[in-house]
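Chains, contacts and geometry: an overview
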Amino acid sequence: MMSHQLPELGYAYDALEPHIDARTMEIHHSKHHATYVAGLNGALEGEEDLQGVSVEALIQNLDKVPAAIQTPVRNHGGGHFNHSLFWKVIAPGGASAPAGDLAAAIDRDFGSLDALKEQFAKAAATRFGSGWAWLCVDSEGKLCVCSTANQDNPLMGELAGACICKPILGLDVWEHAYYLNYQNRRPDYISAFWNVVNWDVVAENYASSQCCGGGCGCS
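Residues numbered from 1 in each chain as written. Predicted model: local features only at pLDDT ≥ 70, side-chain atom pairs only at ≥ 80, totals over all residues. Heavy atoms only, no water.

1. Some words on the nonpolar core
Stated formally: To qualify as a nonpolar core, a set must consist of buried Ala, Val, Leu, Ile, Met, Phe, Trp, Tyr and Cys residues joined through side-chain atoms within 4.5 Å. Think of it in three bands: with a 1.4 Å probe and only protein chains considered, a residue is buried below 20% of the maximum accessible area for its type, exposed above 50%, and partly exposed in between. Only DSSP runs of H or I with at least four residues qualify as helices, and only runs of E with at least two residues qualify as strands; both kinds are numbered from the N terminus onward. The criterion used for residue contact is that any of the two residues' heavy atoms lie within 4.5 Å.
Membership of the largest hydrophobic core comes to 50 residues, with the highest contact counts inside it found for Ile90, Leu143, Leu169 and Phe193. The leading source of residues in this core is strand 1 (residues 131-137), at six residues. Those residues within four positions of Phe193 in sequence are excluded, and the remaining contacts are Phe86, Ile90, Phe120, Leu169, Gly170 and Leu171. With 14 residues, the next largest nonpolar core counts Leu62, Val65, Val73 and Met156 among its residues.

Below you can see the structure in the form of structure tokens.
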């Protein structure tokens, strides 16, 4: 059995329509994400001491990965982690708005949900080329927004051009995530994203990040 597996989506490919179309979801999950999983497993062949390490631990400690495979582990491991988080935070059936501690933290750190959405949308829209936008918890337990290139994420810290923080919500802004339905209209895709966010999952991610601050990598 390979070390890393493509996770089950847990819902139908058309479950997020009309905001994210079924064909995009099918290709994105069964082709793109599967390629990252295969690439990560391929990079780890012969590295028995790393094959049992979680993808989160791998990408958070790339300096401990042999230099010859650091780049594929960064790219494919990042792609695997990022997409695994993405599928969960857009899973249907959860709350359509934040509540409780998460809502209070959003008001505390951004002023309002609308202000968070505006800052997040800017990060997503201005990410040149391919990458991700993130809502994270920093080392002091505060919420922050950032973006990273390619399949990098905030767990990689300075390597990804970000502070080390715990992502609790992510948006894929690679063209393969939206081009069939939105073509070059990335802002429309970003706006539609808020219609499929599962705030229950985001709240769970926020709660787990509070155990020792966002930078600890706890889950």
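Past the structure itself, the notes keep going.
2. Description of the domain arrangement of the chain
The line we're drawing: Note that the domain bounds were set by an automatic or database domain assignment. Throughout, the accessible surface (probe 1.4 Å) given up by two parts as they are put together, summed over both, is called the buried area. A carboxyl oxygen of Asp or Glu within 4 Å of a side-chain nitrogen of Lys or Arg is what we treat as a salt bridge. In the analysis that follows, any N or O atom pair within 3.5 Å is treated as a polar contact, provided that within protein one partner can donate a hydrogen and the other can accept it, and provided that, for residues neighboring in sequence, both atoms belong to side chains. In this classification, Asp, Glu, Lys and Arg are treated as charged, Ala, Val, Leu, Ile, Met, Phe, Trp, Tyr, Cys and Pro as nonpolar, and every other residue, Gly included, as polar.
Along its sequence, the chain is carved into domain 1 (22-89) and domain 2 (100-211). For domain 1 and domain 2, the distance between their C-alpha centres works out to 20 Å. Taken together, the contacts link 21 residues of domain 1 with 28 residues of domain 2. For the pair domain 1 and domain 2, the summed buried area comes to about 1,900 Å², and 60% of that belongs to carbon and sulfur atoms. The residue Lys166 makes a salt bridge to Glu56 at a minimum N-O spacing of 2.7 Å. For the pair domain 1 and domain 2, the number of links is 10 residue pairs in polar contact (both at pLDDT 80 or more). Looking at the side of domain 1 that touches domain 2, the elements that each hand over two or more residues are helix 1 (22-43), helix 3 (55-60) and helix 4 (70-89). A total of 11 residues in the side of domain 1 that touches domain 2 trace back to one element, the largest contributor, which is helix 4. Here the residues of the side of domain 1 that touches domain 2 are counted per class, giving eight nonpolar, nine polar and four charged.

3. Here we look at the UniProt feature "binding site: Mn(2+)" (unreviewed entry) in the chain
Put simply, the rule is: UniProt positions are given in the numbering used here, feature names are shortened, and annotations may be inferred rather than shown by experiment.
What UniProt calls "binding site: Mn(2+)" (unreviewed entry) maps, in this numbering, to His28, His83, Asp172 and His176. Considering the C-alpha atoms alone, the annotated residues occupy 149 residues of sequence yet fold into one spot, their largest mutual distance being 12.4 Å. Note on placement: His28 falls in helix 1. Here His28 falls in the buried class, since its relative accessible area comes to 1%. Each residue touching His28, except ones within four places of it in the same chain, is listed here: His33, His83, Phe86, Trp87, Asp172, His176 and Ala177. Along the chain, the position of Asp172 falls in strand 3 (residues 166-172). Setting aside chain neighbours within four positions, we find Asp172 in contact with His28, His83, Phe86, Gly131, Trp132, Ala177 and Tyr189. Among the polar contacts listed, one links the side chain of Asp172 to the side chain of His83, at a separation of 3.1 Å.

4. Structural notes on unusual backbone geometry
Look at the link from Glu17 to Pro18: it is a cis peptide, with omega at 5°. Looking at the element boundaries, Pro18 is found in the segment before helix 1. One non-glycine residue, Asn150, lies in the positive phi region at around 55°. Looking at the secondary structure, you find Asn150 in the loop between strand 2 (143-149) and strand 3. Phi angles above zero are rare outside glycine, and Gln183 is one such case at about 50°. The exposure class assigned to Gln183 is partly exposed, which follows from its relative accessible area of 30%.

5. Brief notes about the side chain of Asn153
Among the structural elements, Asn153 can be located in the loop between strand 2 and strand 3. Looking at Asn153, the relative accessible area reads 0%, which means it is buried. Looking at Asn153, its side chain comes within polar contact range of the side chain of Asn82, at 2.9 Å.

6. Let's talk about the confidence of the model for the chain
Formally: Each residue carries a pLDDT score, the predictor's confidence in it, ranging from 0 to 100.
Residues at a pLDDT of 70 or more form 93% of the chain, whose mean pLDDT is 93. Across residues 212-219, where pLDDT falls below 50, the model places 29 contacts with residues more than four positions away in sequence or in other chains.

7. A short note on the side chain of His83
Within the secondary structure, His83 sits in helix 4. A distance of 2.9 Å separates the side chain of His83 from the side chain of His28, its partner in a polar contact. If we skip the residues at most four places from it in the chain, His83 touches His28, His33, Tyr36, Trp132, Gln151, Asp172 and His176.

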